[in-house]
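A structural walkthrough
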Amino acid sequence: QKGNYEHYMQKEIHEQPESLTTTMRGRLIHGGSKVKGVLLGGLKDHLKTIRRSRRILFIGCGTSYYAGLATRALVEELSGVPVTMELASDLLDRRGPVYREDTAIFVSQSGETADTLEALEYAKSFGALCVGVTNTVGSAIARGTHCGVHINAGCEIGVASTKAYTSQIAAMTMMALALGDDTLSSCNRREAIIDDLINLPNKVREVLKLDNDMKELAKELMEEQSLLVFGRGYNYATALEGALKVKEVALMHSEGILAGEMKHGPLALVDENLPIIVIATRDATCSKQQSVIQQLQARKGRLIVMCTKGDANLMCPNGGYRFIEVPQLQDCLQPIINIVPFQLLAYHLTVLRGFNVDQPRNLAKSVTIS
Ligand code: M6R
């Protein structure tokens, strides 16, 4: 089942061009020679209701929550409906308010996560429209929601979620496009995103070529105690998910930090020894990330900069740092590209540190008790 790969996680990272293709198959509508829009069969009868919602709630745990976070801004941009992020356990702990006019979107690879399932029952009891985004046909969340989208990433066996994460973002991007379908003003933006969705599998193939570079970086970092990851905008989710991958499989402390919060505490940690990855690929927040890099440089931070191919000199004119150069896509799809080097890094760190890649200590693939 692992084919030529040594571990499921490795296989699942490398099959992302195919899993993404499957996620999109039959869902991009052709108008003449051009792809015009998106058709999500499981949602089409509910789009009007979702557009009229008072707000959308994204509810999930772990990686699935981060996939929601990565698409939040696009859903808000295209639908005009405010999106609130909810970790399922926290929504339940505080018995947060849910309204009949809300649309609650439950994101879960397995479709069986206890907290997410309980949050679904909770939201249903208030009369919210409940939408599932799952990878498992017939799962409890798929059955319990009013409508939904299957991400069709194929079976994911490694405990660390990899291909499901990228397919969740692709599926929710299509959901955002479907929600924005009747607005003329966003027509160019929608077309540009659709064009890049079509390019996505090839771009992921390109970024997978960084495998050896990430192995070299893992060799440099394997003895470290800690790794920080700074991101913002669309890639705040990448910082959180990248850090989660490193901690859950490589058993190394790692923290994803919103770069805008750097001066409010994390800056105190910066010295010549602590490795820091700064995500600074091109988007509306890129110049802010450039100034974060300068501030970290001024404190002699040990930087690894993730930037758009060809931007290394621009981002760090003084050089001297390691770069992870990635291909560019529309800002909202960039998290799918940017997470891949982190997945590879976490994988190689784990192998080098001698830990179990597919079955990390203390973790289960599906958390069915809360
Ligand atoms: O099956 P789910 O997507 O609901 O699982 C949620 C989390 O338990 C899961 O994403 C977890 O964080 C992964 N092990 C992360 O790689």
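Summary of the structure given here.

About the thresholds
Residues numbered from 1 in each chain as written. Predicted model: local features only at pLDDT ≥ 70, side-chain atom pairs only at ≥ 80, totals over all residues. Heavy atoms only, no water. Buried < 20%, exposed > 50% of the residue type's maximum accessible area, 1.4 Å probe, protein only. Helix = DSSP H or I, 4+ residues; strand = E, 2+ residues; numbered from the N terminus. Pairing = 2+ DSSP bridges. Right-handed = clockwise from strand over helix to strand, strands pointing away. Polar contact = N/O pair within 3.5 Å; in protein donor to acceptor, adjacent residues only side chain to side chain. Contact = heavy atoms within 4.5 Å. Arc of directions from axis to C-beta. Axes fitted to C-alpha atoms, helices over the stretch in contact; angles between N-to-C directions. Parallel < 35°, antiparallel > 145°, perpendicular 65-115°, else oblique. Left-handed = near helix turned anticlockwise from the far one by under 90°. Nonpolar A, V, L, I, M, F, W, Y, C, P; charged D, E, K, R; others polar. Core = buried A, V, L, I, M, F, W, Y, C linked by side-chain atoms within 4.5 Å. Phe/Tyr/Trp six-rings, centres within 6.5 Å; stacked < 30°, edge-to-face > 60°. Lys NZ or Arg CZ within 6 Å of the ring centre and 35° of its normal. Near = heavy atom within 4 Å. 1 Å grid on protein atoms, 1.4 Å probe; cavity = no way out; pocket = protein on both sides within 12 Å on 5 of 7 lines; lining within 4 Å. Sits in = over half its atoms within 2 Å of the grid points. Points joined across faces, edges and corners; volume = space filled by probe spheres on them. Expected span 1.5 Å × (residues − 1).

**Observations concerning the pairing of strand β3 (residues 55-60)**
Extensive coverage of β3 is indicated by the burial of six of its six residues. Residues Arg 55, Leu 57 and Ile 59 of β3 are buried on one face, and the alternating residues Ile 56, Phe 58 and Gly 60, pointing to the opposite face, are buried as well. Taken together, the five bridges between β3 and strand β5 (residues 102-108) define a ladder with parallel strand orientation. Within β5, the residue paired with Leu 57 across the bridge is Ala 104. At this point the chain moves from β3, through helix α4 (residues 62-79), to the parallel strand β4 (residues 83-87), and the crossover so formed is right-handed.

**Comments concerning the side chain of Thr 145**
Inspection of the secondary structure assignment puts Thr 145 in the loop between α7 (140-144) and β7 (147-150). For Thr 145, the side chain forms a polar contact with the main-chain oxygen of Ile 141, separated by 2.8 Å. Of the polar contacts made by the side chain of Thr 145, one reaches the backbone oxygen of Ala 142; its length is 3.3 Å. Ignoring sequence-local partners within four residues, the contact set of Thr 145 consists of Phe 106, Leu 120, Cys 130, Val 131 and Gly 132.

**Section: helix α10 (residues 211-221)**
For an α-helix, 3.6 residues make a turn, and residues three or four places apart therefore share a direction. Buried residues of α10: Asp 211, Met 214, Leu 217, Ala 218 and Leu 221, and no others. Projection of α10 onto a plane perpendicular to its axis shows the buried side chains occupying an angular sector of 120°, all on one side.

**Some details on the packing of helix α8 (residues 163-179) against helix α9 (residues 187-208)**
As a packed pair, α8 and α9 sit with axes 11 Å apart at the nearest point and diverge in direction by 155°. Relative to α9, the element α8 lies roughly antiparallel. The hand of the α8/α9 crossing is left-handed. Residues Thr 173, Met 174 and Leu 177 of α8 touch α9, and the partners they reach there are Arg 190, Ile 193, Ile 194 and Leu 197. Class assignment of the residues belonging to the contact of α8 with α9 gives a composition of five nonpolar, one polar and one charged.

**Structural notes on the sheet that holds β3**
Across the sheet, five strands lie side by side as β4-β3-β5-β6-β7; this open sheet has parallel pairing. Taken across any chain shown, the strands that pair with only one partner, and hence form the sheet edges, are β4 and β7. If you compare each strand with its neighbour and ignore which way they point, the axes differ by 20° on average. Lying on the sheet, helix α6 (residues 114-125) is in contact with β3, β5 and β6 (129-134); it crosses β5 at an angle near 165°.

**Here's the deal with the nonpolar core**
Ranked by size, the top nonpolar core spans 89 residues in total, and within it Leu 43, Met 175, Leu 200 and Leu 345 carry the most contacts. Take this core: its biggest share by element is 12 residues, from α8. Each residue touching Met 175, except ones within four places of it in the same chain, is listed here: Leu 40, Leu 43, Ile 105, Val 131, Val 133 and Val 149. Within the second largest apolar cluster, 21 residues are counted, among which are Phe 230, Ala 280, Leu 303 and Met 315.

**Concerning the packing of aromatic side chains**
Counted under the stated rule, the structure contains two aromatic pairs. Relative to Tyr 66, the ring of Tyr 65 lies with its centre 5.9 Å away and its plane at 70°, an arrangement referred to as edge-to-face. Since its relative accessible area comes to 14%, Tyr 65 is described here as buried. Given a relative accessible area of 17%, Tyr 66 falls into the buried group. Considering the side-chain rings of Tyr 122 and Phe 126, the 4.9 Å spacing of their centres and the 75° angle between planes classify their relative orientation as edge-to-face. A relative accessible area of 37% means that Phe 126 is categorised as partly exposed. Lying over the aromatic face of Tyr 99, Arg 54 brings its terminal NZ or CZ to 4.2 Å of the ring centre.

**Section: the site of the ligand**
Neighbouring the ligand are 14 residues; Ser 64, Ser 108, Ser 110, Thr 113 and Glu 248 lie closest to it. Residue Gln 109 places a main-chain N or O atom 2.7 Å away from an oxygen atom belonging to the ligand. Here Lys 245 contributes a side-chain N or O atom positioned 2.9 Å from an oxygen atom of the ligand. In this structure the site holding the ligand corresponds to the largest pocket. In terms of residue class, the shell around the ligand is made up of four nonpolar, eight polar and two charged.

**Points about the packing of α4 against helix α11 (residues 236-250)**
Orientation of α4 relative to α11, taken along the N-to-C sense of each, is 165°, at an axis distance of 8 Å. As judged from the angle between their axes, α4 and α11 are roughly antiparallel. With respect to the hand of their crossing, α4 and α11 are arranged in left-handed fashion. Taking contact as the criterion, the partners of Gly 62, Thr 63, Tyr 66, Leu 69 and Ala 70 in α4 are, on α11, Tyr 236, Ala 237, Leu 240, Glu 241, Leu 244 and Lys 245. Looking at side-chain class alone, the contact of α4 with α11 contains seven nonpolar, two polar and two charged residues.

**Focus: the layout of surface pockets**
Taken as a whole, the largest pocket spans an internal volume of roughly 540 Å³. In this structure, the largest pocket is lined by 25 residues; those nearest its centre are Cys 61, Gly 62, Thr 63, Lys 365 and Val 367. Partitioned by chemical class, the residues of the lining of the largest pocket number 10 nonpolar, 10 polar and five charged.

**Topic: helix α14 (residues 334-353)**
Between its terminal C-alpha atoms α14 stretches 29 Å, which fits the 28 Å expected from 20 residues at 1.5 Å a residue. Extensive coverage of α14 is indicated by the burial of 17 of its 20 residues. Positive phi appears at Gly 354, one or two residues downstream of α14, with a value of about 80°.

Keep in mind these values describe shape, not function.
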